[in-house]
Each structure stands twice: as C-alpha cells, then as structure tokens.
Amino acid sequence: MKLWAHYNKASTIITISVLFAGALIYFFAINYIAQQQLNRDLTEEFEEVEDYVKLNGQLPKQVDFDEDQTTFTKTSQTSLKTRYFDAPYCDPKEKKTEAGRAIRSLISLKGQHYITTITISRKGTEYLIQIIGAITLALMVGLLVILFITNRYILNGLWRPFYDTLNAIKTFNISDSNPFHLKSDKVDEFNELNKVVETMSLRVKNDYVNLKHFTENASHEMLTPLAVITAKLDTLIQDETLKPEQFEQINDIYSAAGKLSRLNQSLLLLVKIENNLVDDAEELNLDGLINQKTRQFSELAQSKDILVSARLEEKQIKASKYLIDILLNNLFSNAIRHNTQNGRLIITQTADKLVFQNTGAEKPLDAGTLFERFQKGQKSEGTGLGLTIVKNICNLYHWDISYSYELPMHTFTISF
Amino acid sequence: MKLLIIEDEQALRDNITNYFNEDGNICESCSCLAVAITKLSNYDYDCVLLDIGLPDGDGFAILEYLKTQMKNEAVLIISARNSLDNKLKGLNIGADDYLTKPFHLAELKARVVAIYRRKAFNSNNKLVFNEIVINLLGRTVDVNQTPVILTRKEYDMLLYFIANKGKVISKNAIAEHLWGDEMDMHNNFDFIYTHIKNLRKKLLDAKCNDYLSSIYGIGYKFKAE
C-alpha cells in the first residue's frame, strides 16, 4: 500500500469520526440553545399574559396572541410548578399539526386559579437546525473530498523528492565512477536523508575502490616474486647433475608457480573488467572467432576424442577482441576439460544466442553458485575464476548468461 | 649481442644476466633509471631489457630518452603491469616488445633474439644454424639444402629451440610459448611431446644431426654445437 493510501485511510477515519462526534455535539448544543431560546420566549409570553391579566383583570382573548395557542383551565390547585415541554402545535392557517413547545403554569385571577398552557411553533428552530445540519454535512463531504485529493496529489508531490532518492538508490551502481548525487530540496528532512545517503554511498564506493586497488596492488606485487621463482627454476634446470627426483620436485614447483601466475592474471583481469578499464571495443565477427577457436582447441579436443560440431550463423558484435578471446577460451576449455572421453561439444550461434553444449559428469552443476569466485569442481585444475570472468564479461556488455542441464548435455547460453 | 638489463629486483637481474651471458653475449645491468641513462649515454647497446616499475621513476622515461637522443636500441619491456594501456603506451613510444611477469627465461631469450634479428639483419632474412637454414620471411626450413615441411607449431618450436640452444627448456615454457598462457593447458604436456617427436623425426629424416634431447621429463634441450 502506498504511503498516500495509508495516510488517506488514517486521515479519513480520523476526519469522519471527529466530524461525526462534532456534528453530534453541535446538534445537541444547537438543540439545547434553541430550546433555551424557546423557553425564554415562552416565559416572556407567559409574563405578558400575566401582565395582561393583572392589567385588565380578565383572561386575554385568542386574537391577542394569534401566533400562540393559549389555553386556560380552571383548577382547584393553588400551586403548580412552571413546566416546559414539547407539545403538538396546530397551525391555525394551514390546519396541520407540527412540533411545538409549551409552557404550563398557574395564573390567578380574582381568587380563581387557572392552569395556563402556551404553545408556540418550533418550526422556525427546526428549520434552523436542518439548515445547520445540511451545511455541516456538506462541509463534511467537501472536507473529505478535499482531504482525499490533497493526500493523493499534494502528498505525492510533497514526497516526490523521497521517491527520487529511492529511485536513485535503486539504480545505484557501486562500480560506477560517477559521484552519486541527489537533488536538494526545500524540505529539511529530505535534504538530511539525501545527505546521509550520499555520505553512505561515498563511503561504500571508497571502500570498494580501496578493495579493488588492494586486489590490483597485491596481484602486481606478487608478480615480481613469481618472476624470480620462474627465473630461478629456469636457471636451476640447466644443472644437469641434478637427480631425477630433484627434477620431479622442480616440475611440481613449476606447476604451482604456473597456477599461481594464472590465478593472479585472472584476478587482475577481473579487476580490469569490473573497473571498466577494457574499452577497446570494436566490430567483431563472432562466428569467425569461434571457428578460429575451434581450430585452436582441436588438439585439446582430439586428445579426448571429443566430437566438436558447430552450427554458426553470421553475427557481428561490438566488443573488445581481447575479452571475447578470453570468453571463448574459457568456454572452450571448460567444455573440453570437463568433458568425457568420446564426448561431444556442440556450439550453436544464432542471431541472438550463443550456446555451448557439452557432455560431462552426469549430474547438474549448482547453477546458483556456478558463476561465483572460486567455485570449482573437486577435480578441477582450474583457477575457479574462469566462469566468473565469463559472467563479468557478459555483464560488461549487458549479455545474459545462463546454465542448464538436460541429460546428457551441460548447456551454457549467452543471450545477446 | 650487447645487452643492457634495467631491473630493480636483484635476483631476477642476476638470473637474466647469467642466462644471456653464456651465449657469448655481453650483458650489463643496472637497477635504476639514473644509472641506466648514464650507461645509455656512454655506450651503445643492441637491446635494452626494461622494467617499467623502477625505484626512481617510470621506465617509460628510458624510451623517451632513447627517442630524443635518436638512439637505435631495441627495447623489450618487462613489466608486472599487464594492463592494456601500458602495453599500448609502451609499444607506441618505441618499445619493440612487451613481456609480462612472470616469464620464462627461454621466452625472454627467444623474444630478444627475435627483436635483435629484426633490427640487425633487416636485409638478411636467413637464420643459419649448422646445416639448418631458416628463411624467416617465407617461414621455410632447409636442412642440407633439402626443404623440410614443418607445421606452424613445429616451425615456432624450432626457432624457439635455436634461440635457446644449449639450454634446458622446461615443458611449461614450451607450452606457454606455443599455446600462450590464455589457452591454459593445465599441465597437460602430451601435446608438446607429440610436436617434438614429429619435429625431431622430420629433422632426422632430412639427415640432420640429432640436436634434441629430452631431459628427465622436465624439458628438452637443443644442443648448441
């Protein structure tokens, strides 16, 4: 649920209940005031009647008070508490009964007591209450509509900077070298939020850059000692007085040094791709490159009697030759290295897809971690970075790479 | 061949010097920019091996110095930096080749010899080793005036062996030379064996001396005599 909807819900409930309670109080208050007013009027009328009786020594006639209906009833009671009450009122002109208010009290004339009842119409006050009620209702509806519109549009407008910030955070790319900048706003809270987000992104980016520099520097620093090891070994084997066992040891050191060196190069390459440092994109003929690689790897494939078949459509891509070379190298060497004796390798190139299918171990690989660093099979001789590099190259060019397994083929698909 | 090795890592410098010295070359070495420039201003060299990261500055300064002084030394850059920019930058301002650390001494030697050949014998495209005559332009090989047809890998290997004659070359070095480190052969050296067997057979068939010998499973040696 959107913020404005939440806000709307809350404000509608509160508004309606407050208005309802208000209207009730209002209604009773007005009713009370109107009743007091009527009572005062009735008292006045009664006093007038009393005055008249005192002055004239007789009961007044109906005509003198034509708006009111006054009745006098002889009584033997000597005292009666003055009482106000609602009573029907007969409109003499329209001949119909409507709501009225009455006073009943005692008047004494020449020793005789009369119960006097004066009734007046309440039509005027009822009308007033109705009008006030209608206006209140109209106000209530108007207020609700205005609140709704306000919440919907003004609130949305007010929160605009928040949504801008949210979108900016969504598209935040840690490896993007451009500084992360958010628009400033009139609202202090949003400015503060933006400032915090900017500071945080800056810190994250700095950490990331430091980490990358560390990887790069560490890898570079390792290269010179590696070069020393290799050079020493190259010199050592010139000594032909060494025993075969010693040569065997040297061979192992060669292998280890070679592996370390490949690992290093892979790490450096990853840093380079992630830093977007490879920017020598050119128009490449992918099918031509694949054909070339197929020839290059034919020896390796033959050593396992792997049947390589390629069905290639013409495809132009714009990418770095260096990276595409590495991409194909990794795909080919994986597909051959993890293949079975007498296995198969099928390469299919269409306008929007490049598919490598190969036979191999008869169980699917974990597609979730396959492309992560240092994920490799137990028997793998590789660095564990090959597929990570492939994935990173694909990411760089906004291609999608996926893995699937359908007996007996392991399939890697790059969608352009 | 007269060489100047500019490399600040002493262990590496010594090994390179030793490796090149045994072949009748004259090797001088230094570890910093200032000494290198003094040496270059006083003497002429055939080839300069240049490390880019030096303690007192960037090795590119040497390239600029050679360019402004109109000196004709061939330059091979040895660098731990293998970024593409550096590579292009180096080759654009006058380096002849580029080798990334770590490298095999045999590879370094082969590269230096190749550069030297390009620079020194512009007119003469023939490489003669006893009865073997290699036409570098046409990439053909004659043994005792009889043409020997070699595959590309066998030809590359022969050149590589002759450049490193008298040295034991490890299988790793040969594999890297023939397939490049990108191919990642994963210590599967059967391929090398096949290629060497074929090369040796072809040479022997042409009545060539048997120069190639296997050394204890670690590598091969091409006899110098």
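Here the structure is a predicted model, which is why all the values come from computation and not from measurement.

(A) Summary view of the overall build of chain A. Scanning chain A for helices and strands turns up nine helices and 11 strands. When burial is assessed residue by residue, chain A has 38% of its 416 residues classed as buried. In chain A, the share of contacts with a sequence separation of at least 24, taken over all contacts with a separation of at least 6, comes to 66%. Working note: accessible area of chain A is about 24,700 Å², and carbon and sulfur atoms make up 58% of it.

(B) A look at the nonpolar core. In terms of nonpolar packing, the biggest core is built from 102 residues, with Ile324 of chain A together with Ile16, Leu49, Ile132, Leu158, Phe161 and Ile174 of chain B touching the most fellow members. A per-element tally of this core places helix α8 (residues 321-337) of chain A first, with nine residues. If we ignore the near neighbours within four places in the chain, the residues touching Ile16 of chain B are Ile5, Leu49, Ile78, Phe103, Leu105 and Leu108 of chain B. Counting residues in hydrophobic clusters, the runner-up holds 20 residues, among them Ala36, Leu50, Tyr65 and Tyr98 of chain B.

(C) Structural detail: the interface of chain B and chain A. The interface of chain B with chain A comprises 39 residues on the first partner and 43 residues on the second. Regarding the contact of chain B and chain A, the summed buried area is about 3,800 Å², with carbon and sulfur atoms giving 56% of it. Summed over the shared surface of chain B and chain A, the number is one salt bridge. Here Glu299 of chain A makes a salt bridge to Lys153 of chain B, at a shortest N to O gap of 3.7 Å. At the level of elements, α1 (10-21), α4 (84-92), α5 (105-120), β12 (168-170), α7 (171-183) and α8 (190-205) of chain B are the ones that each hand at least two residues to the side of chain B that touches chain A.

(D) Region of the structure containing the packing of helix α2 (residues 33-42) of chain B against helix α3 (residues 60-68) of chain B. Residues and elements named next belong to chain B. At a closest axis distance of 10 Å, the pairing of α2 and α3 adopts a crossing angle of 20°. As the angle between them shows, α2 and α3 are arranged roughly parallel. Crossing geometry of α2 relative to α3 is assigned as right-handed. Contact with α2, carried on its side by Leu33, Ala36, Ile37, Leu40 and Ser41, involves Ala61, Ile62, Tyr65 and Leu66 of α3 and no other residues of that element.

(E) Main features of unusual backbone geometry. Put simply, Leu407 of chain A and Pro408 of chain A share a cis peptide bond, and its omega is 0°. Summarising the element assignment, Pro408 of chain A is placed in the loop between β10 (400-406) and β11 (409-415). The backbone phi angle of Gln145 of chain B is positive, close to 65°, even though this residue is not glycine. In this structure, Gln145 of chain B sits in the loop between β10 (140-143) and β11 (146-148). The residue Tyr216 of chain B is not glycine, and still its phi comes out positive at about 45°.

(F) Fine view of the sheet that holds strand β13 (residues 212-215) of chain B. Residues and elements named next belong to chain B. With antiparallel pairing, the three strands of this open sheet are ordered in space as β12-β14-β13. The open sheet is flanked by β12 and β13, the only strands paired with a single partner. Looking at each pair of strands side by side, their axes are set apart by 30° on average, direction ignored. Where β12 lies against strand β14 (residues 219-222), three bridges are found, and the strand directions are antiparallel. Counterpart to Val168 in the pairing with β14 is Lys221. Sitting on the sheet, helix α6 (residues 152-163) is in contact with β12, β13 and β14, with an inclination near 70° to β14.

(G) Structural view of helix α1 (residues 3-56) of chain A. The end-to-end C-alpha separation of α1 of chain A is 77 Å, in line with the 80 Å expected for 54 residues at 1.5 Å each. Note on α1 of chain A: the residue one or two positions beyond its end, Gly57 of chain A, has a positive phi of about 70°.

(H) Fine view of the sheet that holds strand β6 (residues 74-79) of chain B. All names here are of chain B. On the basis of which strands lie adjacent, the open sheet formed by five strands has the order β2-β1-β3-β6-β7 and parallel pairing. Pairing within the sheet leaves two strands with one partner each, and these edge strands are β2 (26-30) and β7 (97-100). Neighbour-to-neighbour, the strand axes of the sheet open up by a mean angle of 20°, direction not taken into account. Pairing between strand β3 (residues 47-51) and β6: five bridges, direction parallel. From the neighbouring strand, Leu50 faces β6, where its bridge partner is Ile77. The strands touched by α2 are β1 (2-6), β2 and β3; relative to β2, the strand with the most contacts, the crossing angle is about 145°. α3 rests against β1, β3 and β6 of the sheet, and its axis sits at about 170° to β6.

(I) How the structure looks around a nonpolar patch on the surface. Residues Leu137, Val141, Val145, Phe148, Ile149, Tyr153 and Ile154 of chain A make up a contiguous nonpolar surface patch of about 710 Å² in total accessible area. Mapped onto the fold, Val141 of chain A is located in helix α2 (residues 123-158).

(J) Inspection of the pairing of β10 of chain B at higher detail. All names here are of chain B. Side chains Val141 and Val143 of β10 all project onto a buried face; the interleaved residues Thr140 and Asp142 project onto a face where none is buried. Bridge count between strand β9 (residues 132-135) and β10: four bridges; the pairing is antiparallel. Bridge assignment links Ile134 to a residue of β10, and that residue is Val141. Taking the residues that link successive antiparallel strands as the turn, the β9-β10 hairpin has four residues, and the phi of Arg139 there is positive, at about 55°. Examined bridge by bridge, β10 and β11 share three bridges and lie antiparallel to one another. Following the sheet pairing, Val143 is matched in β11 by Thr146. Hairpin connection from β10 to β11: two residues lie between these consecutive antiparallel strands, with Asn144 at a positive phi of about 50°.

The rules we used
Residues numbered from 1 in each chain as written. Chains lettered and ligands numbered in written order. Predicted model: local features only at pLDDT ≥ 70, side-chain atom pairs only at ≥ 80, totals over all residues. Heavy atoms only, no water. Helix = DSSP H or I, 4+ residues; strand = E, 2+ residues; numbered from the N terminus. Buried < 20%, exposed > 50% of the residue type's maximum accessible area, 1.4 Å probe, protein only. Contact = heavy atoms within 4.5 Å. Areas by Shrake-Rupley, 256 points an atom, 1.4 Å probe, with all protein chains shown as cover. Core = buried A, V, L, I, M, F, W, Y, C linked by side-chain atoms within 4.5 Å. Buried area = accessible area lost by both parts, 1.4 Å probe. Salt bridge = Lys/Arg side-chain N within 4 Å of Asp/Glu carboxyl O. Axes fitted to C-alpha atoms, helices over the stretch in contact; angles between N-to-C directions. Parallel < 35°, antiparallel > 145°, perpendicular 65-115°, else oblique. Left-handed = near helix turned anticlockwise from the far one by under 90°. Pairing = 2+ DSSP bridges. Expected span 1.5 Å × (residues − 1). Patch = residues over 30% accessible without salt bridge, like charges linked within 9 Å, V, L, I, M, F, W, Y side chains within 5 Å.

These results come straight from atomic positions and should not be treated as a statement about function.
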